[in-house]
Amino acid sequence: MNDFDMVVELLADIDEATAAELHGKGHQRAWDLLTAHASSVEDIDAQLLAHRKIDLTGYVLKQ
């Protein structure tokens, strides 16, 4: 079972409005983390590009 399936299972008994609210809060939390740690994210991105792990679009390159 992958993470998505586990989340679906956890939300199975929650009404649609509550599930939508949790979904929105999850997206907001992800955005808050990315913006709070933007310099670290940029550093990681630069390292991945430098080591040819991703391309400029963010596509993961095969090894």
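For the structure, check the block above.
These numbers were taken from a predicted model, which means no experiment stands behind them. (Residues numbered from 1 in each chain as written. Predicted model: local features only at pLDDT ≥ 70, side-chain atom pairs only at ≥ 80, totals over all residues. Heavy atoms only, no water.)

Chemist: It is not clear to me how the overall build of the chain should be interpreted in this structure. Could you clarify?
Modeler: Along the chain, the regular secondary structure elements total three helices and zero strands. Secondary structure elements of the chain, listed N to C terminal, follow the sequence α-α-α. The principal-axis extent of the C-alpha atoms belonging to the chain is close to 45 × 30 × 15 Å. Considering the chain as a whole, with its 63 residues, one finds that 2% of them fall into the buried category. Here the chain has roughly 5,800 Å² of accessible surface; of this, 60% comes from carbon and sulfur atoms. Considering the chain, the positive charge centre built from 5 side chains and the negative charge centre built from 12 side chains are found 12 Å apart. (Helix = DSSP H or I, 4+ residues; strand = E, 2+ residues; numbered from the N terminus. Buried < 20%, exposed > 50% of the residue type's maximum accessible area, 1.4 Å probe, protein only. Areas by Shrake-Rupley, 256 points an atom, 1.4 Å probe, with all protein chains shown as cover. Lys, Arg positive; Asp, Glu negative; His and termini not counted. Charge placed at Lys NZ, Arg CZ, Asp CG, Glu CD.)

Chemist: Please explain the environment of Asp5 as it appears in this structure.
Modeler: The residue Asp5 is located in helix H1 (residues 3-11) in this model. Take Asp5: its relative accessible area is 35%, and that puts it in the partly exposed class. For the pair Asp5 and Ala19, spaced 14 residues apart in sequence, the C-alpha separation works out to 15 Å.

Chemist: Explain the pattern of salt bridges to me, please; I cannot follow it from the model alone.
Modeler: Summed over the entire model, instances satisfying the criterion amount to one salt bridge. Two residues, Glu21 and Lys25, come together in a salt bridge whose shortest N-O distance is 3.2 Å. Here Lys25 and Glu21 lie together in helix H2 (residues 16-36), a separation of four residues that amounts to about one turn. Exposure remark for Glu21: the relative accessible area of 45% places this residue in the partly exposed category. Owing to a relative accessible area of 51%, Lys25 belongs among the exposed residues under this scheme. (Salt bridge = Lys/Arg side-chain N within 4 Å of Asp/Glu carboxyl O.)

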